[in-house]
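# A closer look at the structure
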Amino acid sequence: MKSYTDLTGKYLKGQKKRSLLTIFGIILSVTLLTSIGTIGMSYWDKSVRQTLRDFGDYHVSLNGISGEAVPKVKNNATVKSAGVISREGYAVIKEANEKEKKEDPFAAPYRYLNVKEYDASAMNMLHPQLDSGRYPENPNEIIILSSSLSYFSKQPKLGETITLNLGIRKVASTGEDKKINGLGDFGWDLDETFQAQSQKEYTVVGFMKPSSTGSWSSRYIFPAITFNDNKSIDNNKNYFIYVKMKSLNDIKKKTEDLMSSLQLSNVEQGSAMQLDRESYIENVRIEYNNELLKLYGKSTYEGVNNSLTLAFTAVITIIMICTIAMIYNIFHISVLERISQFGMLRCIGATPAQIRKIVLQEAALLSLIGIPIGILTGTLFMKVLFYNISLLTLGFLNDIRMVISAPVLITAGLLGLLSVFLSAIGPAKQAARVSPLEALKNVGSTKVEKITKIKKSLLVKTLFGIVGQFASRNLQRNKKRFRITAFSMIISIILFIVFSGLVGFIQQTTQISGMQYSYSLSYNGPSGRIDDTVYKHIAKLNAVEQAYKFYNNQVMAIIPKDKINPKYYEFNKNRYVVSEGEGYRTDNNYLTSYGDNGLDALKSKLITGKIDKEKMNQENGVIVQQKITMTTEEGKQLILDQTRFKVGDHIKIRTFDRGQKGYQTVTVVGIVDQDLLSKEYNSSHVVSFITTPKVYSNIMGSDIYSRIFILAKPEISNHMITDYLKSLPEKDAGFNYTDKVEELAQAKNDAKTFSIFFYGFIGVIVLIAFLNIINTVSTNLILRTNEFATLKAIGMTRKEVRKMIILEGVFYGLFSAVIGIILGTALDYGIHLLFTGALDADWVFPWYSIGIAFAGSMITTILATIGPMYRLNKVSIADALRSVN
Amino acid sequence: MEILKTVNLCKNYGSAEAKVEALKNVNFSVQQGEFVAIVGASGSGKSTLMHLLGGVDRPSSGQVIIDGIDIYARSEEELAVFRRRKIGFIFQSYNLIPVLSTEENIKLPMLLENKRGDDKYVLELMGLLGLTERRQHLPSELSGGQQQRTAIGRALINKPSIILADEPTGNLDSKNRKEIMDLLTFSVKKYNQTLIMITHDMNIAKVADRVVRIEDGVLLQPNEVSPF
Ligand SMILES: Nc1ncnc2c1ncn2[C@@H]1O[C@H](COP(=O)(O)OP(=O)(O)OP(=O)(O)O)[C@@H](O)[C@H]1O
Ligand SMILES: [Mg+2]
């Protein structure tokens, strides 16, 4: 031994088990930090790429800018680059003929190409997705949407020339121009004419992919893009400029300054929508690409930025606290055990600073081993996870690539180091404070720890007897140690509750896929009804798990004033304007039945109430679905109830059909938040009443259903179903069916991926907590080996000792569970409040996580106690006594 | 009346080369009410013998018979109950329970019996031990002598027929040592208890009815002992 600091290494080697445990803790924590960082980076990278694709690679767009202003924008000091788009006009590719008009009186009179001119920057920023070909490079070249091809009388091929009559749309009856708001137009008028203004020839050089979010209106107006360097600006034309700023800071103010320098102020501002511009009603003058800005924390909606940063910080903090709790415990215990040794060192002249150094150096040495391994295992862990994700082909993580980022790895390492340092500094100071006297004092167990004053509890005594009282006192004997052990449990419980809450939050904000079913068969023929034989045939098929008849019709309902959620009323006042009776008459309500088996399946979704079909039939019972999700103009997502119906309420509803029955009273027998086939909240403002077929026909005066939802068994080949479904339209053109098998599989994959993440992280956190608890609890017990031996020597039976030790564990568990659950729930609520900037939903009391946390903490402590207990009971009393004598 | 007897008692530690024969064929018997002092060099096997007599260890071979019962033929549970009724242990380093007060430490074996206990006796004992003032104190708040008196109180509370003391005065000054000895001998006389005590203190050994000596695990009978 050359220097006193060599003691560090000797101590670590002497306490091999504990050192390994510490290293393991550090590794786990750094692994977790690395993984979270890597996931975060990869997800961010994926989101950026996806956002660039869906929303475009620009920061803000300025719409309808006059020609003379274009150079001013381009040359503005704050602007880095600008892409310019102008409109060339519409070109008719198909006109509806008389036959079509007769069949469908609402058929669009024309189908158009909406020809726009992009310069090179605009092309780069909005980069339309091509099916084939290339981008246009001169004004004679054009790319068109591939799905428009079928409307051409002669379908153009790649490289062929088309002649377009470009012009404007007019309202026939008034002769006025049809108002064009922006780059695209929504819908059509039956009373619409087309006025050609010029003719132009283009070479088709590419076909664009239909947008994945393509809505039905895009079937009437299709985008077409040609090239124009937009250098010769036409002062009479309006331009659309897509701008990238030099810096994203204060983007809102900079943009406003820019606009006012163009003498355009007080213009409408908003958030950009996805790139499929053909389907938007209007463009506002300034559109921030908030989806992209958000990813850089620069959204013009402050609340959104803060919420995201907070969420990330919260997760990192949680991990660090968890790590610190564990490593602190280990160091604390190891210092406690060596009090007399430190006393010895002090006796022979070590200064407090030297002793502190010994302990801190232990920490440093352990970090040196643990952190690099943690970074490595974290990266490996992610590699495995990403490999798994890549197997899950589709899903919300589709297209994610693993990004290994040096800053992330370094940060994870530094955070790990910081955690270790923060953990070790307290125990190091404590070791330094040890007085030399400690070494001279009797080494008996009485002196190792400071026993604090103990409260007597009559309750514990009467409940658990002398042994229980003993156990409870042992917990109080050393407040500090008790606090540490309880602390680590409490932290884990809080973690669990908060993390579960966060996950729930994420699940709420990620929309999945609407209705989830395998097939849907619907009928639009003259009878409007699906015959029961069809249903029976389908229901009997082997591969069919469930088939639901879908009765569905809009109804009027009178909503009593006090049943309207005031918060919802603020957002949607115009829904409640027609007073009738004691409330408002509303139209946006549906009476629905999924058949009797549907009601059975709905039982699992019931929030309150009871489903009893007999009773429902007797009293017109309905189950109300009133919760919806909506996004406010500020970009904030709300999840709230439209109405506040409760079980037992009566509601008056009636069909729209005047000839039919009038108002009838239904009774609320239950509440659901989500529809039978949906895993998300409704996003349309509809109150649904779900009921039995009998009640449905009572109220509607008809028992017609025109749709069947089918859930297929995943393990059996579906061809029996598809064969039958295909055969139906062949016989009767009124039938058509939708196949969502793929989509359903994808939704399940999403759920699976999500679980991998969720349980992966929860698993590691719980593991850290578990190790920590085992470590503390067992050390607590082993430190008292001699005491237990004494108890046995004076006649405590093995059973009594065991009971005492287990009770101690139970008390630990109980105490920590109660405190942890209270704090965790409070924190969960706090985080819920923090997030209200981005998502405002009713806070749900986390009963479920509380239950798991409670059971978990009891099981953990008992398990943590049982191991060392058996080891203790194996030690012979004589040996244990001798270890002190 | 013979209260305790050992038959060919052996205790080995370790195995093969590292084997230590801590006790070799000890045959030894004690009469009720007798005060036996065990002396011997450090490492000679005194504590080992004491532990075996008290039923806290297991012999490698041989028997310990107390009141006609072969204690090691009993189950662990029975042994524990037997200990708290028949035997009072006093250790050199007190081994008090740190979370219990003086009074509670003393009452503990009684409480383990789940009986209401004889509070008068507790008070009497505490008075005798000079601990009345200290009854609410935790062991960490007591002096060494007070701690040892508490340990003695604990050993006596159930009025055991045998008291086993392993150097009970080893850590004490001469004044305390004498007090403790007086206490012990007083109790032993009063309740006709048997006292087996390990000691290095010749003055104490002299008070004993009989002194047995252990050398390297072998018990030397009194007639083999050179008189003091
Ligand atoms: N667990 C053990 N493993 C191996 N050897 C042991 C063990 N316990 C005791 N011994 C040995 O057995 C022998 C007797 O030990 P014991 O404690 O009975 O001595 P003692 O007479 O009480 O000594 P002292 O007066 O120092 O207390 C010693 O040589 C000791 O080294
Ligand atoms: Mg000894």
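Please read all numbers here as calculations on a predicted model, not as lab measurements. (Residues numbered from 1 in each chain as written. Chains lettered and ligands numbered in written order. Predicted model: local features only at pLDDT ≥ 70, side-chain atom pairs only at ≥ 80, totals over all residues. Heavy atoms only, no water.)

Quick look at the overall build of chain B now. Within chain B one finds seven helices and 10 strands. For chain B, buried positions account for 57% of its 228 residues. At a minimum sequence separation of 6, the contacts of chain B that also span at least 24 residues come to 72%. Looking at chain B as shown, the accessible area adds up to about 9500 Å², and 48% of this sits on carbon and sulfur atoms. (Helix = DSSP H or I, 4+ residues; strand = E, 2+ residues; numbered from the N terminus. Buried < 20%, exposed > 50% of the residue type's maximum accessible area, 1.4 Å probe, protein only. Contact = heavy atoms within 4.5 Å. Areas by Shrake-Rupley, 256 points an atom, 1.4 Å probe, with all protein chains shown as cover.)

We now examine the environment of glycine 851 of chain A. Within the fold, glycine 851 of chain A resides in helix H25 (residues 847–874). When the C-alpha positions of glycine 851 of chain A and alanine 817 of chain A are compared, they lie 10.0 Å apart, and in sequence the two are 34 residues distant.

This part takes up the packing of aromatic side chains. Residues and elements named next belong to chain A. Tallying each qualifying case throughout the model produces 18 aromatic pairs over all chains. Between tryptophan 44 and tyrosine 296, the aromatic rings sit 5.5 Å apart at their centres with planes inclined by 90 degrees, giving edge-to-face as the arrangement. A residue pair is termed long-range when its members are at least 10 positions apart, and tryptophan 44 in helix H2 (residues 16–55) and tyrosine 296 in the loop between helix H7 (290–295) and helix H8 (302–337) qualify at 252 residues. Classification of tryptophan 44 by relative accessible area gives partly exposed; the value is 30%. A relative accessible area of 40% places tyrosine 296 in the partly exposed class. When the centroid spacing of 4.7 Å and the interplanar angle of 85 degrees are considered together, the rings of tyrosine 58 and tyrosine 242 count as edge-to-face. Taken together, the residues span a long stretch of sequence, with tyrosine 58 in the loop between H2 and strand E1 (60–66) and tyrosine 242 in strand E9 (residues 238–245) at a distance of 184 residues. Comparing tyrosine 58 with tyrosine 242, the two get one shared label, buried. (Phe/Tyr/Trp six-rings, centres within 6.5 Å; stacked < 30°, edge-to-face > 60°.)

Below, the discussion takes up the sheet that holds strand E6 (residues 87–90) of chain B. Residues and elements named next belong to chain B. Taken in spatial order, the six strands make up an open sheet running E6-E7-E8-E3-E9-E10, and their pairing is mixed. A strand with exactly one partner marks an edge of an open sheet, and here the two such strands are E6 and strand E10 (218–220). Taken pair by pair, the neighbouring strands of this sheet meet at an average axis angle of 20 degrees, ignoring direction. Where helix H6 (residues 174–191) meets the sheet, its contacts fall on strand E3 (35–40), E6, strand E7 (162–166) and strand E8 (194–198), and the angle it forms with E8 comes to roughly 155 degrees. (Pairing = 2+ DSSP bridges. Axes fitted to C-alpha atoms, helices over the stretch in contact; angles between N-to-C directions.)

To continue, consider the pairing of strand E1 (residues 2–13) of chain B. All names here are of chain B. One ladder, built from eight bridges, connects E1 with strand E2 (residues 20–31); its direction is antiparallel. If you follow lysine 11 over to E2, its bridge partner there is leucine 23. Following E1, the chain reverses through six residues before pairing antiparallel with E2; glycine 14 in that reversal takes a positive phi of roughly 65 degrees.

The next thing to look at is the pairing of strand E3 (residues 110–118) of chain A. Residue and element names in this part refer to chain A. Burial analysis of E3 places nine of its nine residues in the buried class, the great majority of the element. A two-sided burial pattern is seen for E3, the buried positions comprising Tyr110, Tyr112, Asn114, Lys116 and Tyr118 on one face and Arg111, Leu113, Val115 and Glu117 on the other. In terms of strand pairing, strand E2 (residues 79–95) meets E3 through nine bridges, oriented antiparallel. Considered in E3, the bridge of glycine 89 is made with valine 115. In this structure, E3 lies alongside strand E8 (residues 221–227), joined through seven bridges in parallel fashion. Each residue of the ladder has a partner; that of valine 115, found in E8, is alanine 224.

Further remarks concern the packing of helix H3 (residues 102–112) of chain B against helix H5 (residues 144–156) of chain B. Residue and element names in this part refer to chain B. Taken N-terminus to C-terminus, the directions of H3 and H5 make an angle of 30 degrees; their axes are 7 Å apart at the nearest point. Judged by the angle between their axes, H3 and H5 are roughly parallel. Handedness of the H3/H5 crossing: right-handed. Of the residues in H5, those touching H3 at Thr102, Asn105, Ile106 and Pro109 are Thr150, Gly153 and Arg154. (Parallel < 35°, antiparallel > 145°, perpendicular 65-115°, else oblique. Left-handed = near helix turned anticlockwise from the far one by under 90°.)

Take the confidence of the model for chain B next. Summarising the model, chain B shows a mean pLDDT of 85, and 95% of its residues fall at 70 or more. Complex prediction metrics read pTM 0.61 and ipTM 0.73. (pLDDT = per-residue confidence, 0-100.)

Our focus in this paragraph is the sheet that holds E1 of chain B. Residue and element names in this part refer to chain B. With antiparallel pairing, the four strands of this open sheet are ordered in space as E2-E1-E4-E5. Two strands bound the open sheet, and with one partner strand each, they are E2 and strand E5 (69–70). Note: strand E4 (residues 61–66) against E5, two bridges, orientation antiparallel. Across the sheet, isoleucine 65 pairs through a bridge with aspartate 70, a residue of E5. Sheet contacts for helix H1 (residues 46–54): E1, E2 and E4; angle to E1, the most-contacted strand, approximately 125 degrees.

The next thing to look at is the confidence of the model for chain A. Residue and element names in this part refer to chain A. Within chain A, residue pLDDT values average 78, and 80% of them lie at 70 or more. This model gives residues 212–218 a pLDDT under 50, and the stretch forms eight contacts once residues within four places in sequence are excluded. Taken as a whole, residues 277–282 scores under 50 in pLDDT and shows 26 contacts with residues more than four places along the chain or in a different chain.

Residue and element names in this part refer to chain A. Take isoleucine 806: it is sitting in helix H24 (residues 798–834). We classify isoleucine 806 as partly exposed; its relative accessible area is 26%. Residues isoleucine 806 and leucine 863, spaced 57 residues apart in sequence, show a C-alpha to C-alpha distance of 9.2 Å. Not counting the four nearest positions on each side in its chain, isoleucine 806 is found in contact with Thr865 and Met869.

So, on to the pattern of salt bridges. Applying the stated criterion across every chain yields a total of 29 salt bridges over all chains. Between aspartate 649 of chain A and lysine 563 of chain A there is a salt bridge, with the nearest N and O atoms lying 2.9 Å from each other. Of the two residues, aspartate 649 of chain A is situated in the loop between strand E19 (637–641) and strand E20 (650–655) and lysine 563 of chain A in the loop between strand E13 (544–560) and helix H17 (566–571); the sequence distance between them amounts to 86 residues. The partner of aspartate 600 of chain A in a salt bridge is lysine 603 of chain A, and the shortest N-O contact between them spans 3.7 Å. Each of Glu103, Lys107, Asp119 and Arg135 of chain B takes part in one network of salt bridges that share partners. (Salt bridge = Lys/Arg side-chain N within 4 Å of Asp/Glu carboxyl O.)

Next up on the list: unusual backbone geometry. A negative phi holds for most residues other than glycine; trans holds for most peptide bonds. Residues and elements named next belong to chain B. Phi angles above zero are rare outside glycine, and asparagine 8 is one such case at about 45 degrees. You can see asparagine 8 is positioned in strand E1. Judged by relative accessible area, which is 37%, asparagine 8 ranks as partly exposed. Here the phi dihedral of aspartate 67 falls at roughly 55 degrees; this positive angle occurs in a residue that is not glycine. Along the chain, aspartate 67 falls in the loop between E4 and E5.

So, about helix H16 (residues 532–540) of chain A. Residue and element names in this part refer to chain A. Buried within H16 we find Val534, Tyr535 and Ile538. Buried residues of H16, seen end-on, are gathered within an arc of 95 degrees and therefore sit on one face of the element. Facing away from the buried surface of H16 by more than 90 degrees, the exposed residues are Thr533, Lys536 and Lys540. (Arc of directions from axis to C-beta.)

So, about a nonpolar patch on the surface. All names here are of chain A. On the surface, Phe815, Val818, Ile819, Ile822 and Leu823 cluster together to form a nonpolar patch covering roughly 420 Å² of accessible area. Here isoleucine 819 is to be found in helix H24. With relative accessibility at 30%, the residue isoleucine 819 sits in the partly exposed group. (Patch = residues over 30% accessible without salt bridge, like charges linked within 9 Å, V, L, I, M, F, W, Y side chains within 5 Å.)

Residues and elements named next belong to chain B. Axis separation between H3 and helix H4 (residues 119–129) bottoms out at 11 Å; the angle between their running directions is 135 degrees. In terms of their interaxial angle, H3 and H4 are classed as oblique. Handedness of the crossing formed by H3 with H4: right-handed. On H4, the residues that touch Glu103, Ile106, Lys107 and Met110 of H3 are Asp119, Val122, Leu125, Met126 and Leu129. Here the residues of the contact of H3 with H4 are counted per class, giving six nonpolar, no polar and three charged. (Nonpolar A, V, L, I, M, F, W, Y, C, P; charged D, E, K, R; others polar.)

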